[in-house]
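# Survey of secondary and tertiary structure
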Amino acid sequence: MKKALGAMLFYGRFALPFSRIGFRRRVGAPGLDADFSGQRWIVSGATGGIGRAIALGAALRGATVLALGRDVKKLDALAADAAGPGKIQPVPVDLSLMREVARVAREISAGGKVDVLMHNVGVMCHDFRRTGEGLEQGFATNLLGHWVLDAGLRAGGALVAGSAIISMSSGGMYGAALDLDALKAGDAAHHDGFTAYAQHKRAQVALTHHWNAMGAGQPRAWVMHPGWVDTDGVRSSLPGFRKLFRTVLRGADEGADTALWLAATRPPTGEGIWLDRHRDTEHAFGFTRGGADDRALVAALVEQAAVALAEPG
Ligand SMILES: NC(=O)c1ccc[n+]([C@@H]2O[C@H](COP(=O)([O-])OP(=O)(O)OC[C@H]3O[C@@H](n4cnc5c(N)ncnc54)[C@H](OP(=O)(O)O)[C@@H]3O)[C@@H](O)[C@H]2O)c1
């Protein structure tokens, strides 16, 4: 009963703004007059859906894009679809494996500065699965990998003042108050893929604030969500939802639009989550508001998890 009421409230409030109609109302048609020439970008989860559209959109506007994905065939197909030769460079990596992510961060850092880091990769894992490193797949992919990539690039001198970090959260986080135990999701018996996903997405907002609080001389960070976009991810993880909303789901270009716009516009940082080139509230419902130390707690949690993995044995 409580769950059904929550769903009614959620869909009543968001069905229109998150749909393609919402995009058309606030933005119109996707299309951005921006020049990213000379810029070096990273897009994670670039082989499909929104990440693919971001990578192609950035390359079309002149950026050289390092496309992170685990499927080499899809990476090659992406590079072939780019506006010019060498504009999209495949970087094969399993983003749920922290040692691989750390290695890629070192290799990219050796090539110099990164202008835009797009933390796009995200998965909803209904089945509880551990990675080869013993982490829950969703936690590793959606949050810890972002932290490890970010930290590795900072340590390697690739993320610097003037670099932009953009994280792809989800409107699903509106239904979740941050819960550190749920966030760790280490327990198969209590695993609920949707709840865990909402926690990761809420935690991305907290991490963004943490990164922006790191002080002068650091990159700036923004967090956004794409609305509801018809992608393979939605097809496989939310088939019922897709069936219901199929006619009003956004195209991948519409989901990518705000990411490209943020990279071009770089509005003032601060509270809020971006959708359709507008800063929206982080808390649509009062019960999700946490304490001021949320961001520090999330940062401490992921840092601890990353350090534990890096320790030998
Ligand atoms: N679509 C929506 O309506 C929606 C709404 C809110 C938020 N979002 C967020 O937007 C982002 C993109 O979503 P999407 O719908 O475009 O997802 P998608 O269609 O599932 O695409 C995700 C991409 O990430 C790749 N990927 C997944 N796990 C990986 C791993 N461990 N290592 C390397 N690559 C990996 C996938 O590659 P494979 O082919 O190898 O699996 C795929 O190319 C996610 O963060 C998602 O949470 C989406």
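The present account deals with the structure reproduced in this document. Keep in mind the model is a prediction, meaning the values are calculated, not measured. (Residues numbered from 1 in each chain as written. Predicted model: local features only at pLDDT ≥ 70, side-chain atom pairs only at ≥ 80, totals over all residues. Heavy atoms only, no water.)

## Digging into the site of the ligand
By nearness alone, 29 residues border the ligand, and T47, K74, N120, Y197 and T231 come closest of all. At 2.8 Å, a backbone N or O of I50 approaches an oxygen atom of the ligand. Elements supplying a minimum of two residues to the shell around the ligand: α3 (49–60), α8 (193–212) and α9 (232–237). Grouping the constituent residues of the shell around the ligand by class yields 11 nonpolar, 13 polar and five charged. (Near = heavy atom within 4 Å. Polar contact = N/O pair within 3.5 Å; in protein donor to acceptor, adjacent residues only side chain to side chain. Helix = DSSP H or I, 4+ residues; strand = E, 2+ residues; numbered from the N terminus. Nonpolar A, V, L, I, M, F, W, Y, C, P; charged D, E, K, R; others polar.)

## Quick look at the side chain of S167
Tracing the chain through its elements places S167 in strand β5 (residues 164–168). Look past the residues within four positions of S167 in its chain and what remains in contact with it is H119, Q204, T208, W211, W222, V223 and M224. (Contact = heavy atoms within 4.5 Å.)

## Overview of the pattern of salt bridges
As enumerated under the stated definition, the model contains 15 salt bridges in all. One salt bridge connects R20 with E254, and the closest N-O pair in it is separated by 3.5 Å. Of the two residues, R20 sits in helix α2 (residues 20–26) while E254 sits in helix α11 (residues 252–265), which places them 234 residues apart along the sequence. Between D81 and R52 there is a salt bridge whose closest N-O contact spans 2.8 Å. Here D81, found in helix α4 (residues 72–81), pairs with R52, found in helix α3; they are 29 residues apart in sequence, far enough to count as distant. (Salt bridge = Lys/Arg side-chain N within 4 Å of Asp/Glu carboxyl O.)

## Quick word on the nonpolar core
Core analysis: the largest hydrophobic core is formed by 40 residues, its most contacted members being L68, L144 and L153. Elements supplying a minimum of two residues to this core: β2 (64–69), α5 (98–110), α6 (137–155), α8 and α12 (294–310). Among the elements that line this core, the one with the most residues is α6, at eight residues. Excluding residues within four positions of it along the chain, L144 makes contact with M98, L135, F139, V302, A305, A306 and L309. If you look at the next biggest cluster of nonpolar residues, it comprises 34 residues, including A34, V43, A53 and A63. (Core = buried A, V, L, I, M, F, W, Y, C linked by side-chain atoms within 4.5 Å. Buried < 20%, exposed > 50% of the residue type's maximum accessible area, 1.4 Å probe, protein only.)

## Structural notes on α11
Working note: α-helix, 3.6 residues per turn, so residues spaced by three or four point in the same direction. Over its 14 residues, α11 extends 20 Å from the first C-alpha to the last, a length consistent with the 20 Å expected when each residue adds 1.5 Å. Remark: the principal bend of α11, roughly 25 degrees, maps to T258. Summarising burial for α11: 10 of the 14 residues are buried, a large majority. Residues E254, G255, A256, D257, T258, A259, L260, W261, L262 and A263 constitute the buried set of α11. Of the residues flanking the end of α11, it is R266, one or two places downstream, whose phi is positive at about 45 degrees. (Expected span 1.5 Å × (residues − 1). Bend = angle between axes of the 7 residues up to and from the residue.)

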